[in-house]
Amino acid sequence: MSERKSVIRNIVEVPWKEFPNHFGGALSKPLVDSEGLGAKHIDHRISCYEPMAYVALHKHKVQEQIYHVLSGEGLFEHDGEKTVVRAHDVIFIPPGVEHAFYNTGLDRLVFLVITSPPSDD
């Protein structure tokens, strides 16, 4: 078994990526993940949604997620309700909860996404 090592990486080293079911300039940088760094228990991203960008309504089988809004504002939809969220709001999403996130504001919506486990299998 190979020894795992700690890693320091700067955010500018990680390219922006548009994940499936993300639309209109809903981009993320996978900062800590199973592919790039071999993380086994956590996925950590920073996301930046342009105005009108969104992730479609979806749910996870086993994954828990945290969205931590850094700047901007938008609508978070969960269980059929839409709530305005803005800087410093933290959202916890347990498995099985249908959710979506829309940038309905005038500026970019920037937030951290922490997911555990990294895979929804």
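This is a predicted model, so every value here is computed, not measured. (Residues numbered from 1 in each chain as written. Predicted model: local features only at pLDDT ≥ 70, side-chain atom pairs only at ≥ 80, totals over all residues. Heavy atoms only, no water.)

Caption draft 1: A look at the pairing of strand β9 (residues 99-102). Bridge count for strand β4 (residues 54-58) against β9 is 3 bridges, and the pairing is antiparallel. Across the sheet, Tyr 54 pairs through a bridge with Tyr 102, a residue of β9. Pairing of strand β6 (residues 73-78) with β9, which is carried by 4 bridges, proceeds in the antiparallel orientation. By the bridge assignment, His 78 is partnered in β9 with His 99. (Pairing = 2+ DSSP bridges. Helix = DSSP H or I, 4+ residues; strand = E, 2+ residues; numbered from the N terminus.)

Caption draft 2: Up close: the UniProt feature "domain: Cupin type-2" (unreviewed entry) in the protein. Look at the UniProt record and you will see "domain: Cupin type-2" (unreviewed entry) annotated at residues 48-114. Between the C-alpha atoms that bound residues 48-114 the distance is 14 Å, and the span itself is 0% helix and 61% strand. (UniProt positions renumbered as here; feature names shortened; annotations may be inferred.)

Caption draft 3: Layout of the sheet that holds β9. With antiparallel pairing, the 5 strands of this open sheet are ordered in space as β1-β4-β9-β6-β7. In this open sheet, the two strands that pair with only one neighbour each are β1 (22-23) and β7 (81-86).

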